[in-house]
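# Breakdown of the fold
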Amino acid sequence: MRSRLQFSLLSIVLCSCTDADPVAESVSRSVTDRHIASEIRGDVQFTQLSDTVWMHTTVHETETWGPVPSNGIIVVGATHAVLVDTAWTNAQTQTILEWTADVLDTPVTAAVFTHAHQDKMGGVQALRDAGVATYAHPLSNEIAPTHGLVPAEFDLAISDDGSVITPEELALVDVFYPGAGHTRDNIVVNARGADILFGGCLVRSGGSTSLGNTDEASIPDWAQSADNVTRRFPDATVVVPSHGPPGGPDLLALTADLARKAQVD
Ligand SMILES: [Zn+2]
């Protein structure tokens, strides 16, 4: 049985998704002048951001913060797709692989992770088992096992100015290391040709009044790092944070403001 769900980009609450019909449900509605498509399979939500970019969102019950939704993106090319960040778990990440192959008719062949926390790398094993080429900041791969996470197979080559030599498998995206912020290893990923930037946990969502989890943050560096992202990707019209709905470049300015304020407090 299929059922229609009301979906709002402004209130992504996915806790009930596990109760939903496991058959993929197709939902679409207009948000302002854009036509936004959204589908659910199992406990993963997929939201279309452009012709070539989808956002995946999964929820995990955390000890400290309760249920936390987390986003990544899928960038789709002519013959393959690049996954940016896993879901929280291997099972959820396996669902992303299957849905992308079935619905977008495109296999995920490469993946890149924006730092070594469970919401970004909790499903690396599922990707490695599926033969997906996996990449992360060398520091992420070093830190991952200390957090009980499986590292990516390959280290990204990062220059002193933060630019990254894009491996051929990742050619649908640009990767940038802007400096420390949420963590010392946080990177951002731009979907080429789509003006959509995935900011991960470095970027706070609209309306945020704090920096979120700062256990491993570098607060003195965070504002400069956010500004570095703005300078590096001036054409980004959509900025996707890890936690909360996508917004515009103002999310980077908001994040820098929050970081400067946190330094004074
Ligand atoms: Zn994190």
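Along each chain, residues carry numbers from 1 onward, in the same order as the chain's sequence is written. Where local features are concerned, this predicted model is filtered to residues with pLDDT of at least 70; where side-chain atom pairs are given and counted, the filter is 80 or more; whole-chain, interface and lining totals use all residues. Excluding hydrogens and water, the side-chain figures rest on all heavy atoms present in the structure.

So, on to the confidence of the model for the protein. Scored by pLDDT, the protein has a mean of 89; 86% of the residues are at 70 or more. A residue's pLDDT is the confidence the predictor assigns to it, expressed on a 0 to 100 scale. The contact criterion used throughout is that any non-hydrogen atoms of two residues lie within 4.5 Å. Considering only residues more than four positions removed or in separate chains, one finds that residues 1-34, a stretch of pLDDT under 50, has 63 contacts.

Let us look at the packing of helix H5 (residues 219-232) against helix H6 (residues 250-264). Look at H5 against H6: their axes get within 8 Å of each other, and the N-to-C directions meet at 160°. The angle between H5 and H6 falls in the class roughly antiparallel. At the point where H5 passes H6, the crossing takes the left-handed sense. Residues Ile219, Pro220, Trp222, Ala223, Ala226, Asp227, Val229 and Thr230 of H5 touch H6, and the partners they reach there are Leu252, Thr255, Ala256, Ala259, Arg260, Ala262 and Gln263. Axis lines are fitted to C-alpha atoms, over the contacting stretch for helices. Their N-to-C directions set the angle, which ranges from 0 to 180 degrees. Helix and strand definitions follow DSSP, with helices as H or I runs of at least four residues and strands as E runs of at least two, each counted in order from the N terminus. Note on angle classes: values under 35 degrees are labelled roughly parallel, values over 145 roughly antiparallel, values of 65 to 115 roughly perpendicular, and the remainder oblique. Left-handed describes a crossing whose near helix is turned anticlockwise from the far helix through less than a right angle; right-handed describes the clockwise counterpart.

Take the side chain of His117 next. Mapped onto the elements, His117 comes out in the loop between strand S7 (108-113) and helix H2 (118-121). At 3.3 Å, the side chain of His117 and the side chain of His182 are in polar contact. Separated by 3.2 Å, the side chains of His117 and Glu216 make a polar contact. The contact partners of His117, leaving out residues within four places of it in the chain, are Gly122, His147, Leu149, His182, Thr183 and Glu216. Think of a polar contact as two N or O atoms within 3.5 Å of one another; within protein, one of them needs to be a possible hydrogen donor and the other a possible acceptor, and neighboring residues in sequence only count if both atoms come from side chains.

Let us now look at H6. The terminal C-alpha atoms of H6 lie 21 Å apart, and with 15 residues this matches the ideal 21 Å at 1.5 Å per residue to within 8%. Elements that come into contact with the buried residues of H6 comprise strand S12 (196-200), H5 and strand S13 (238-241). Expected helix span is taken as 1.5 Å per residue step, with the number of steps being one fewer than the number of residues.

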